[in-house]
Amino acid sequence: MPADGALDGAEAKEAARWNHRPPTPIAQNPLFQWPLRPMAIFRWYAAFWFEISTTTLCLVLALGAYFIILPALETMQTFQPGWMIRVWLANLVPQCLIAGGLHYWLITRKGQGDTSKFDPRDQNLKNGSFTFNNQVLDNMFWHIVSGITLWSLAQIGVFCMMANGYAPSMFFPDNPVWFVAAFVLIPIWSSFHFYWVHRALHWPPLYKLAHALHHRNVNVGPWSGIAMHPVEHLLFYTNFAIHLVVPSHPIHVMFHGYVQSTHPVFRIQDSKT
């Protein structure tokens, strides 16, 4: 951009294609900025918990999954299809309801119009860049078949190791303070891990191999959130390894998965990540 802030012809033409321009720069997490500002950090994380947010939704989903769908931890000592499918369904059903519901309202019905869309165009049809020549089907395929499956397999591995005593586990009566604190710390760990994995994915060989698939989504939708190459999913879900060294509860593992995978469904404005 020129020093006076004016756009040249090509840049002006490209800028005109974008429909929504936030009035202020998108805020960044102050925890990862220097110098540290304790009150700004507190306000940032208070917004996650002291109002209805995607984080509180993830907590509700985790509690529901644990008390309604998951079997007892002792049942998970061996890999059996029954409980493994229940973990997969605990992720599949809410994820599809949320992503599918948002897609229907925002994309199909255009319930909010195009005012807040960065790109006013409809999602791509008959485009050979996408699997099945269709952006929505492409996103759904990679989101569900690769994303939800590998997300669930990571949790299944953690549950099995917990059940056999190879990973530390704890319950609320054992340490109520840590039990509650873990819900605050998991999103922080998730953000930290994502930052470094995302940087690694922009290393040219990894970008070409894996991350380019996600970047096909210039005009994003709810299904774009975790529509990624399996290699990217494998890297993305290595963050569950924290449960192999830090004591946690199955509710924490489920909450962690929803934070990692349901948040991106709502962050459909992040077309450049």
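It should be noted that the structure appears before, not after, this text.
Residues numbered from 1 in each chain as written. Predicted model: local features only at pLDDT ≥ 70, side-chain atom pairs only at ≥ 80, totals over all residues. Heavy atoms only, no water.

**Concerning the nonpolar core**
Working step 1: Formed by 39 residues in total, the largest nonpolar core has its most connected members in Met76, Trp151, Phe159, Met162, Met254, Phe255 and Tyr258.
Working step 2: Those elements giving two or more residues to this core turn out to be helix 3 (54–69), helix 4 (81–108), helix 5 (135–163), helix 6 (176–201) and helix 9 (250–266).
Working step 3: Examining the composition of this core, we find that eight residues originate from one element, helix 5, more than from any other.
Working step 4: Residues contacting methionine 162, with those up to four places away along its chain left out, are Leu73, Ala167, Pro168, Ser169, Ser248, His249, Pro250 and Val253. (Core = buried A, V, L, I, M, F, W, Y, C linked by side-chain atoms within 4.5 Å. Buried < 20%, exposed > 50% of the residue type's maximum accessible area, 1.4 Å probe, protein only. Helix = DSSP H or I, 4+ residues; strand = E, 2+ residues; numbered from the N terminus. Contact = heavy atoms within 4.5 Å.)

**As for the pattern of salt bridges**
A side chain of one charge can pair with a side chain of the opposite charge when the charged atoms of the two come close.
Working step 1: With the rule as written, the count across this model stands at one salt bridge.
Working step 2: Note that arginine 216 and aspartate 138 form a salt bridge whose closest N and O atoms lie 2.4 Å from each other. Here arginine 216, found in the loop between helix 7 (204–215) and helix 8 (230–236), pairs with aspartate 138, found in helix 5; they are 78 residues apart in sequence, far enough to count as distant.
Working step 3: For arginine 216, a relative accessible area of 26% gives the class partly exposed. (Salt bridge = Lys/Arg side-chain N within 4 Å of Asp/Glu carboxyl O.)

**Examining unusual backbone geometry**
Working step 1: Omega for the bond connecting tryptophan 34 with proline 35 falls within 30 degrees of zero, at 0°, which places this linkage in the cis form.
Working step 2: A positive phi angle, close to 50°, is found at lysine 110, a residue other than glycine.
Working step 3: Assignment of secondary structure puts lysine 110 in the loop between helix 4 and helix 5.
Working step 4: Looking at lysine 110, the relative accessible area reads 31%, which means it is partly exposed.

**Regarding the environment of isoleucine 156**
Working step 1: With respect to the element layout, isoleucine 156 can be found in helix 5.
Working step 2: Residue classification places isoleucine 156 among the buried positions, given a relative accessible area of 4%.
Working step 3: For the pair isoleucine 156 and valine 253, spaced 97 residues apart in sequence, the C-alpha separation works out to 9.7 Å.

Geometry only, nothing functional implied.
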